[in-house]
Amino acid sequence: MRHAPSNTRNRRGVPDTARVRMTRPQHGRVLFLCDRPVSDPAVGEVAAELGYELVRARSLAEAIGHARPPGFALILAGYSGDAEALFESVRRLRGLLPSTPVIVHGIPKEAPFSLEAIYEAGALAVLHDPVSRPILKAKATFFLEAYANAGARHRAQAALEDTRARLESIIGLAEVAAWTLDVDRGTVRGDARMLALYGLPPGDAGSVPADIPVDAFFAALHPDDVPPTRTLLAQAIESGEPYHATFRVRADGGAWRWMLARGRCERSGAQRLMRGVVVDATVQKQAEERLRASEERYRTLFDAIDSGICVIEMLYDDAGRPVDYRFLEVNHAFVRDTGLPDAVGRTMRSMRPEHEQHWFDTYGRVAETGEAAHFVNEAAQLNRWYDVYAARVGPAGSRKVVVLFTDITARRRADLELRRLNDDLAEQDRRKTEFLATLAHELRNPLAPIRNGLQLLRRAGHDAAAATRVQDIMERQLDHLVHLVDDLLDVARITRGQVELKPAWIALADVLSAAVETSTPLIEANRHRLDVRLPAAPLTLYGDGTRLTQVVSNLLNNAAKYTPRGGAIVLAAERDGDEALVAVSDNGIGIPADALEDVFTMFTHVSHGSQAVPGGLGIGLSLVKSLVELHGGSIVAASAGPNLGSVFTVRLPLGEAAPRPAPDAAAAARPPGSLRVLVVDDNRDAAETLAALLAMMGHEAAVANDGHAALRMLAGLQPQIVFLDIGMPGMSGYEVAQAVRANPGWNGVRLVALTGWGGSADRARTAAAGFDEHLTKPATLAAIEAVLARIAASSPVERQ
Ligand code: ADP
């Protein structure tokens, strides 16, 4: 193959197939296919001038190798003498890159083939050898511009298609249907989705959607939604404002589905078109519905629940300590259970500044740890107790706490009341037990002298004087017993509300003198002085004389009992307005201030410190109070304190009557003896009957009624045996025994304990105190004889 010299200005050799770098290669690439070893420099220069990168290929295969995207803006195929090869190259490259123009160059003026054949192969232009630079430039420019335009158009087209595809896929994904309403013709043109939504038949595949009367669409709407939707549509057309509507649509008899339509009316020339979209919002609507329902359920529960509920937000100080909280939500019961109206938005401290810190600490901990808390505590500022359940709302870091609480103030009060009642019952039970023990003791006390008396009578024989004395004693003790039993029965009756008064018009003076008469034996036995002060004018009462006498005599008896021997008792009566005032005062052991109220409670015994006091049954004053109150009166106790005496003041409503003076009292008897025995007992009757018994047994018996007297008598009497009562006021039997044992001069004296208590512990105690024998009251004659026999056997008791 001959290579014709194509360019005389070929100054330098360029490596084959090398790509020639051009100065402004910004427009694209130009392929230069030429198998001549030295190619025409004009080609490269023109390409560079036009701003293209020249790619050289020496063979068709090499050219095809370069024909990758973005392809070439222009192909220049050179002729090197092989026409078939040229045709083949043009055809192949055109087939491969159909939109790239091909220019053939280097064709000799007298070509051995027809130029038509080159054009038929696909070339768009032919340049003859030698290449003319202006012609090459002009033709290349023409084709290059044509290519560039075609490229731009092609790209724009592609971009448009891409956008449309993307839009369609977005619309498809969002389930949006598009429509256009021709307002004046009343027809709608909708896309396939639109038709499907409304259950209208799709148009022929690929054909332009048909115009459908707008009523066909309305026919698919829920009847209730048609009028409002038509109105909205008309308004939007009228105003040009956006059209917004929500309605239900049913396609092909299926379920109703919620649609959301948006559109806007625009004028294009004479035509009014509204373009819009429709979205199937059923799922959204259902979710909304579910949310609304759950919100409603929550709200209903929140408000209907009978416990207080609030949602609070914790507030902290700079150091991060919880110091307050704000109410975000509260229910109806909240106000009732806290007494805090309008709490939402406000803080606890702003409403109750002194609210206890433990509330803030607890809720702060719940918010911090997320651990719920259940507790019971007091809110003093709200004056209530609460049972509380608190839990954090939200994830870690949330400062919100929901608090569910119940006002348990009433329950707590009831609990406390129950506990108090329980304590009261226990106290009453304790008192009753104590009462039973005391009652047994009290009943046994008169029994001892009565039994002794009986034995005495049996032995008294013809000693009429002794018998009379013993009978007196027994009668007195029996009276005491009867009195005790009467009191007990009265208490029982009063407790059951069975006491009936037998009221009459009575003179107060009569009541007082009867009482004095009843109490005189006890007063005299204790060597008290009684002073009776009556008012100048007589006072009359309407009441039960017997019961009122019982009242006053009870008070006098107590004064006598609770005043040391030789005391002073005053019974005074006077008028105070419409009331009679009766006061019984003594200078005795007195009553501690804290016990003044209690003395009227049944079975009460006042503690008088270490002082040994003759306790009674503890029912007298309770009886007195009940009787006074039955008469419409009242009674109070007063005392300046221990050992400063007591005053009991009774107030009774008055009537009219005449006064009467109080009578004087009688005296008591005394026993003799022949054996040196000393009997010590504060119960005179017990002492005397025992002494009498001992006398009848042939002993010389003396009597002492208290410990001090006994000790005084010891020296003069020099007894061998002392019968010593344990429970005596002033100085107990133990103390007397200790005093005796402490004096070596009385070493030979035998001590016999007389006590109501006969347990082993009691016996151990008397033995420890220095007693030789222990006798339980009331002691039988046999027991006394056995003791005397034992003592006689154990030591040489000197007889006189
Ligand atoms: P009782 O005398 O049988 O124990 P009361 O009901 O008569 O029962 O008296 C209750 C208690 O009140 C007595 O145990 C005693 O402690 C106290 N008390 C009553 N009267 C007096 C008084 N005049 N002086 C001191 N204490 C008294």
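Up top you'll find the structure we're talking about.
What counts as what
Residues numbered from 1 in each chain as written. Predicted model: local features only at pLDDT ≥ 70, side-chain atom pairs only at ≥ 80, totals over all residues. Heavy atoms only, no water. Helix = DSSP H or I, 4+ residues; strand = E, 2+ residues; numbered from the N terminus. Polar contact = N/O pair within 3.5 Å; in protein donor to acceptor, adjacent residues only side chain to side chain. Contact = heavy atoms within 4.5 Å. Near = heavy atom within 4 Å. Areas by Shrake-Rupley, 256 points an atom, 1.4 Å probe, with all protein chains shown as cover. Nonpolar A, V, L, I, M, F, W, Y, C, P; charged D, E, K, R; others polar. Pairing = 2+ DSSP bridges. Axes fitted to C-alpha atoms, helices over the stretch in contact; angles between N-to-C directions. Core = buried A, V, L, I, M, F, W, Y, C linked by side-chain atoms within 4.5 Å. Buried < 20%, exposed > 50% of the residue type's maximum accessible area, 1.4 Å probe, protein only. Domains from an automatic or database assignment. Expected span 1.5 Å × (residues − 1).

Chemist: Would you mind showing me how to read the side chain of Arg384 here?
Modeler: Within the element layout of this structure, Arg384 appears in strand β15 (residues 384-393). Here the side chain of Arg384 touches Arg336 through a polar contact of 3.2 Å, landing on its backbone oxygen. Excluding residues within four positions of it along the chain, Arg384 makes contact with Arg336, Asp337, Thr338, Gly339, Asn377, Glu378, Ala379, Asp407 and Thr409.

Chemist: I would appreciate a short explanation of the site of the ligand in the present structure.
Modeler: Residues in contact with the ligand amount to 21 residues; listed here are only the nearest, Asn558, Tyr562, Gly616, Leu617 and Leu621. One of the backbone nitrogen or oxygen atoms of Gly620 is found 3.3 Å away from an oxygen atom of the ligand. Between the ligand and Ser646, the relevant distance is 3.1 Å, taken from a nitrogen atom to a side-chain nitrogen or oxygen of the residue. Across the complex, the protein chains shield 97% of the 530 Å² of accessible surface that the ligand would expose by itself. Elements with a minimum of two residues in the shell around the ligand: α16 (545-561), α17 (620-630) and β23 (646-653). Among the elements that line the shell around the ligand, the one with the most residues is α16, at three residues. Residue composition of the shell around the ligand, grouped by class: ten nonpolar, nine polar and two charged.

Chemist: Explanation requested: the sheet that holds strand β20 (residues 568-576) in the structure shown.
Modeler: Note on sheets: strands pair through backbone hydrogen bonds, and any given pair is parallel or antiparallel. Taken together, the five strands give an open sheet; going across it, the order is β18-β20-β21-β23-β22, and neighbouring strands pair in mixed fashion. The two strands at the open ends of the sheet, each matched to only one other strand, are β18 (529-533) and β22 (634-639). Adjacent strand axes in the sheet meet at a mean angle of 15 degrees when their direction is disregarded. Sheet topology note: the strand β21 (residues 579-586)/β23 ladder contains seven bridges and is antiparallel. Opposite Ser585, over in β23, you have Val647 as the bridge partner. Here helix α15 (residues 508-525) sits on the sheet in contact with β18, β20 and β21, set at roughly 170 degrees to β20.

Chemist: So what exactly am I meant to see when it comes to the nonpolar core here?
Modeler: Among soluble globular proteins, nonpolar side chains are generally buried collectively. Leu555 and Phe648 are the most contacted members of the largest nonpolar core, which totals 46 residues. Among the elements that make up this core, the one with the highest residue count is α16 (seven residues). The two domains that each donate at least three residues to this core are domain 4 (417-490) and domain 5 (500-657). Discounting residues that sit within four places of it in the chain, Phe648 has contacts with Leu555, Val582, Ala583, Val584, Ile591, Val599, Phe600, Leu621, Ile635, Val636 and Ala637. Among the nonpolar cores identified, the runner-up in size contains 29 residues, and Leu181, Phe217, Leu221 and Leu233 belong to it.

Chemist: Looking at this model, I keep getting lost on the environment of Phe360. Mind explaining?
Modeler: With respect to the secondary-structure elements, Phe360 resides in helix α12 (residues 357-369). By relative accessible area, which is 0% here, Phe360 ends up buried. As a C-alpha pair, Phe360 and Arg321 span 39 residues in sequence and 8.9 Å in three-dimensional space.

Chemist: Help me out: how do you make sense of α12 in this one?
Modeler: Helical periodicity: at 3.6 residues per turn, an α-helix aligns residues three or four positions apart in one direction. Taking 1.5 Å of rise per residue, the 13 residues of α12 would be expected to cover 18 Å, and the 18 Å separating its terminal C-alpha atoms lies within 8% of that figure. Within α12 the residues assigned to the buried category are Trp359, Phe360, Thr362, Tyr363, Gly364, Val366 and Ala367. Tucked inside the fold, the buried residues of α12 contact β12 (308-316), β13 (322-330), α11 (348-351), β14 (373-379), β15 and β16 (400-407). Backbone geometry just after α12 places Gly370 at a positive phi near 80 degrees.

Chemist: I'm lost on the pairing of β16 in this one. Help?
Modeler: Along any regular strand, the residues point their side chains to alternate faces of the sheet. In this structure, β12 lies alongside β16, joined through six bridges in antiparallel fashion. Bridged to Val311 within β16 is Val402. By the bridge criterion, eight bridges tie β15 to β16 in an arrangement that is antiparallel. In the strand pairing of β16, Ala391 is matched with Val402. Between β15 and β16, which pair antiparallel and follow one another directly, the connecting turn spans six residues, one of which, Gly394, has a positive phi of 95 degrees.

Chemist: Looking at this structure, how should I read α17?
Modeler: Within the span of α17, buried status applies to Gly620, Leu621, Ser622, Leu623, Val624, Leu627 and Val628. Two residues or fewer past α17, Gly632 is found with a positive phi of approximately 80 degrees.

Chemist: Which parts of the structure should I look at to understand the sheet that holds strand β8 (residues 212-213)?
Modeler: Spatially, the six strands line up as an open sheet ordered β8-β7-β6-β11-β10-β9, and their pairing is antiparallel. The sheet is open, and its two borders are formed by β8 and β9 (243-249), each paired with just one other strand. Bridge count for strand β6 (residues 176-182) against strand β11 (residues 271-280) is seven bridges, and the pairing is antiparallel. Paired with Thr180 across the two strands is Arg275, which belongs to β11.

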